[in-house]
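Here's the letter readout for the chains.
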Amino acid sequence: AAMTLLFPIGVPSVYFFMLWKNKAKINKPVEEREKDQKLMAIGFLFDPYKPEFWYFEIVETVRRLAMTGVLSTIAPGSYTQL
């Protein structure tokens, strides 16, 4: 029961904290960012996006969690199931 709340709330919260704490470093030029090994350890969270959208991985994570959560409410064999 604890993981039911920990994962959907905890993971985006941890992502937000790590990204928000490093927001100033993320907005620096790529050459400077690549020299920071600690920042590059979380690079998978912000590299696919422009620096000003440093938070977008959180949006994507919440979107994916919401989509899977909605799918779990659809009853098998009902008209809403495709």
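Remember, it's a predicted structure, so these values are computed and weren't measured experimentally.

A full pass over the atoms with the stated rule returns four salt bridges. The partner of Glu60 in a salt bridge is Arg64, with the nearest N and O atoms 3.9 Å apart. Of this pair, Glu60 and Arg64 are both found in helix H5 (residues 56–71), four residues apart, which corresponds to roughly one turn of the helix. You can call Glu60 buried: its relative accessible area is 16%.

It is the contact of helix H1 (residues 2–21) with H5, at a shortest axis distance of 10 Å, that shows an interaxial angle of 175°. By the angle between their directions, the pair H1 and H5 is classed as roughly antiparallel. The residues of H5 that touch H1, namely those facing Phe7, Pro8, Val11, Pro12, Tyr15, Phe16 and Leu19, are Ile58, Thr61, Val62 and Leu65.

Before going further, it helps to examine the packing of aromatic side chains. Geometry of an aromatic ring pair is reported as the spacing of the ring centres plus the angle between the planes. Going through the model one piece at a time under the given rule, you end up with five aromatic pairs. Here the aromatic rings of Phe16 and Trp54 are separated by 6.1 Å at their centres, their planes lie at 40°, and the arrangement is tilted. Placement of the pair is Phe16 in helix H1 and Trp54 in the loop between helix H4 (37–41) and H5, with a sequence separation of 38 residues. Phe16 gets classed as partly exposed once you look at its relative accessible area, which sits at 39%. Taking 6.4 Å as the distance between ring centres and 70° as the angle between the ring planes, the aromatic pair formed by Phe53 and Tyr55 counts as edge-to-face. Judged by relative accessible area, which is 36%, Phe53 ranks as partly exposed. Taken together, the aromatic side chains of Phe16, Trp20, Phe53, Trp54 and Tyr55 make up a single cluster linked through ring pairs.

So, how was this worked out
Sequence order sets the numbering: in each chain, residues are counted from 1 along the sequence as written. Only residues with pLDDT of 70 or above have their local features reported here, since the model is predicted, and side-chain atom pairs are shown and tallied only from 80 upward, although totals for entire chains, interfaces and linings are computed over all residues. Working from all heavy atoms in the structure, the side-chain values ignore hydrogens and water. A carboxyl oxygen of Asp or Glu within 4 Å of a side-chain nitrogen of Lys or Arg is what we treat as a salt bridge. Helix numbers and strand numbers start at the N terminus; a helix is a DSSP run of H or I with at least 4 residues, a strand a run of E with at least 2. The cut-offs for exposure are 20% and 50% of the maximum accessible area for each residue type, with area from a 1.4 Å probe on protein chains only; residues under the lower value are buried, those over the upper are exposed, and the others partly exposed. Here an axis means a line fitted to C-alpha atoms, over the contact stretch when the element is a helix, while the angle between two N-to-C directions is reported on a 0 to 180 degree scale. Each angle receives one of four descriptions, namely roughly parallel if under 35 degrees, roughly antiparallel if over 145, roughly perpendicular if within 65 to 115, and oblique otherwise. Between two residues, a contact is recorded if the distance between any of their heavy atoms is within 4.5 Å. Here is the rule: rings of Phe, Tyr and Trp (six-membered ring for Trp) pair when centre to centre is within 6.5 Å. Planes less than 30 degrees apart are stacked, more than 60 are edge-to-face, and the remainder are tilted.

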